[in-house]
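# Observations on the three-dimensional arrangement
For reference, the chains in residue letters:
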Amino acid sequence: MNDDAILRQEIRASLSGARSLIRCYSGLYSGEDLIRDVLKACDEVAQTSASTPRLREARRIVQERCTKLVRDADRFSMRDPATIAASRAQAFASIDTFQDALLEIRRIEGAAPRIGALLRRRSL
């Protein structure tokens, strides 16, 4: 496996918790806070990376799609299974977008030489 595939797999595994929260969300219990929990999982994965406009936009989309899922699956509203499934699919797609933005940042960070490594080199 090349470094790109390993990095992609690592980020995907790190975001599996957010995907699991979306998959298991029912909207029937008052203690469920999908938006907070998913954004917390995304922030934990992205905490070591620099924030870029694309990553902030991807996070905003995740928040927007999770909010839509919460509204559609609300226990006090008319619950249409097709609408809930479509909202859930859009939330999954937003996690994929967030993953792609994070992968792009990690690639750039990995390609840039570290200053510390340059300082530790032996002089010629």
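Residues numbered from 1 in each chain as written. Predicted model: local features only at pLDDT ≥ 70, side-chain atom pairs only at ≥ 80, totals over all residues. Heavy atoms only, no water.

## Some remarks on the overall build of the protein chain
Per the secondary structure count, the protein chain includes 6 helices and 0 strands. Restricting the contact set of the protein chain to residue pairs at least 6 apart, pairs at least 24 apart contribute 75%. A total of about 8,100 Å² of accessible surface is found on the protein chain, and carbon and sulfur atoms cover 55% of it. (Helix = DSSP H or I, 4+ residues; strand = E, 2+ residues; numbered from the N terminus. Contact = heavy atoms within 4.5 Å. Areas by Shrake-Rupley, 256 points an atom, 1.4 Å probe, with all protein chains shown as cover.)

## Describing the side chain of Ser87
When you line up the elements, Ser87 lands in helix α5 (residues 81–111). Polar contacts involving the side chain of Ser87 include one to the side chain of Lys68, which spans 3.4 Å. (Polar contact = N/O pair within 3.5 Å; in protein donor to acceptor, adjacent residues only side chain to side chain.)

## Some thoughts on the pattern of salt bridges
Inspection of the entire model under this criterion finds 11 salt bridges. The shortest N-O distance in the salt bridge between Arg59 and Asp43 comes to 2.8 Å. Residue Arg59 is found in helix α4 (residues 53–72), and its partner Asp43 is found in helix α3 (residues 34–46); the two are separated by 16 residues along the sequence. On the basis of relative accessible area, Asp43 is assigned to the partly exposed category, the value being 32%. Sharing partners across several salt bridges, the network here consists of Arg12, Arg19 and Asp96. (Salt bridge = Lys/Arg side-chain N within 4 Å of Asp/Glu carboxyl O. Buried < 20%, exposed > 50% of the residue type's maximum accessible area, 1.4 Å probe, protein only.)

## A closer look at the side chain of Arg88
Tracing the backbone through its elements, the reader meets Arg88 in helix α5. Glu32 provides the closest opposite charge to the buried, salt-bridge-free Arg88, at an N-O distance of 8.0 Å. (Lys, Arg positive; Asp, Glu negative; His and termini not counted.)

## Remarks on the confidence of the model for the protein chain
In this model, the protein chain carries a mean pLDDT of 87, and residues with pLDDT of at least 70 account for 88%. At the low end of the mean pLDDT range in the protein chain sits helix α6 (residues 115–119), at 53; at the high end sits α4, at 95. (pLDDT = per-residue confidence, 0-100.)

## Some details on the environment of Arg19
Inspection of the secondary structure puts Arg19 in helix α2 (residues 16–24). Residue Arg19 is classed as buried on the basis of its relative accessible area, which comes to 7%. Residues Arg19 and Val38, spaced 19 residues apart in sequence, show a C-alpha to C-alpha distance of 8.1 Å. Each residue touching Arg19, except ones within four places of it in the same chain, is listed here: Arg12, Phe92, Ile95, Asp96 and Gln99. Polar contacts involving the side chain of Arg19 include one to the side chain of Asp96, which spans 2.7 Å.

## A word on the environment of Glu32
Tracing the sequence through the fold places Glu32 in the loop between α2 and α3. Considered as a pair, Glu32 and Leu21 are 11 residues apart in the sequence and their alpha carbons are 9.7 Å apart. Setting aside chain neighbours within four positions, we find Glu32 in contact with Cys24, Tyr25, Ser26 and Gly27. A distance of 3.1 Å separates a polar atom in the side chain of Glu32 from the backbone nitrogen of Gly27.

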